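Spelled out, the chains give:
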Amino acid sequence: KDMQRLPAGKTLYMAQQTQSPVMKSVASYFMGLTPEENQKALGKDFDMFLQLANNRYDALSFPPEGLQIIQSANPEETKLRFLNLLEKLGTGEKFQSGVLKQAPTIKKGAESLAGQTFDLVSFEWDLEKMTNLMVRETKGIQFWNKFQKLMIKKMMGGSMNLWVTTTKTEVIMVTGEDWNKTKRIFEDFNKNANKLDKISHYPLCRKDLPQESSLII
């Protein structure tokens, strides 16, 4: 039922039971965080975030734009641990399929809307490094390399902004290019408008998927 609260019209939808043993074992992969070998540096914040976060729901388009819900018994602490994680990421590390050109910048209380205060996290991607990672196996094929460069820029853009707020039971994150455009995603979510369950073919797709699963994409 929670999945149908997500905004309609996005490219990718995902639901996770974050506390399941399987999902805990691959949590960093699905968070898009820096590789496993660097996670010791993330330390206690990463462990505490995993303990606090329950179910998670994502709706995303490309370049990155969408909404994410993380359910938690303590949303404020969950948000704090998440922001602490991001503060520890540095140049060349990974987040959500992107390689960081520099450390993320965080602005507390950047925006307010409908009684909610949003913290802003801004990311700048190293498109050159991301392209080099993709074309490593296709050196010498100039057309393919140029295509991959265009594809990465089209999918990721040059940067990404993430606005984070909490309710009594959830951490809500909205992703987009600028606030004036992105805030409409939250406004619709807050008013139960433009939801996934309003799309006529959603029930047809959903009935063919498992009723319960650790992960649905």
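Quick summary incoming for the structure in this document.

The rules behind these values
- Residues numbered from 1 in each chain as written.
- Predicted model: local features only at pLDDT ≥ 70, side-chain atom pairs only at ≥ 80, totals over all residues.
- Heavy atoms only, no water.
- Helix = DSSP H or I, 4+ residues; strand = E, 2+ residues; numbered from the N terminus.
- Buried < 20%, exposed > 50% of the residue type's maximum accessible area, 1.4 Å probe, protein only.
- Contact = heavy atoms within 4.5 Å.
- Expected span 1.5 Å × (residues − 1).
- Arc of directions from axis to C-beta.
- Polar contact = N/O pair within 3.5 Å; in protein donor to acceptor, adjacent residues only side chain to side chain.
- Salt bridge = Lys/Arg side-chain N within 4 Å of Asp/Glu carboxyl O.

1. Re the environment of Pro104
Working step 1: Among the secondary structure elements, Pro104 is positioned in the loop between β5 (98-99) and β6 (105-113).
Working step 2: The buried category is assigned to Pro104, whose relative accessible area is 10%.
Working step 3: Each C-alpha atom of the pair Pro104 and Glu124 lies 7.3 Å from the other, and the pair is 20 residues apart in sequence.
Working step 4: Residues within four places of Pro104 in sequence aside, it is in contact with Leu86, Leu89, Val121, Ser122 and Phe123.

2. Considering helix α7 (residues 179-190)
Working step 1: Its 12 residues place the ends of α7 16 Å apart at the C-alpha level, agreeing with the 16 Å of an ideal helix rising 1.5 Å per residue.
Working step 2: Among the residues of α7, those classed as buried are Trp179, Thr182, Ile185, Phe186 and Phe189. With its buried residues spanning 115° around the axis, α7 presents them on a single face. In this structure, α7 carries Asn180 and Arg184 as exposed residues pointing more than 90 degrees from its buried face.
Working step 3: Of the surrounding elements, those touching the buried residues of α7 are β3 (65-72), β6, β7 (116-124), β8 (159-166) and β9 (170-176).
Working step 4: For α7, the N-terminal cap is Asp178; the gap from its side-chain oxygen to the backbone nitrogen of Asn180 is 3.2 Å.
Working step 5: Within two residues after α7, Asn192 carries a phi angle of roughly 55°, on the positive side.

3. Focus: unusual backbone geometry
Working step 1: Omega for the peptide link from Phe62 to Pro63 comes to -10°, which places this bond in the cis form.
Working step 2: As for its placement among the helices and strands, Pro63 is situated in the loop between β2 (53-61) and β3.
Working step 3: With a phi angle near 55°, Asn192 is a residue other than glycine that sits in the positive phi range.
Working step 4: The topology assignment puts Asn192 in the loop between α7 and α8 (202-207).
Working step 5: Among the residues examined, Asn192 registers a relative accessible area of 48% and is labelled partly exposed.
Working step 6: Phi is positive for Asn194, close to 55°, though the residue is something other than glycine.
Working step 7: The topology assignment puts Asn194 in the loop between α7 and α8.
Working step 8: Note on Asn194: relative accessible area 42%, which makes it partly exposed.

4. Some points on the pattern of salt bridges
When charged atoms on two side chains of opposite charge get close, those side chains can pair.
Working step 1: Summed over all chains, the structure comprises eight salt bridges.
Working step 2: Its salt-bridge partner being Lys10, residue Glu65 comes within 3.2 Å of it at the nearest N-O pair. Pair noted here: Glu65 is in strand β3 and Lys10 is in the segment before β1 (12-17), with a separation of 55 residues, a long-range link.
Working step 3: Within this structure, Lys10, Glu65 and Lys181 form a network of salt bridges that share partners.

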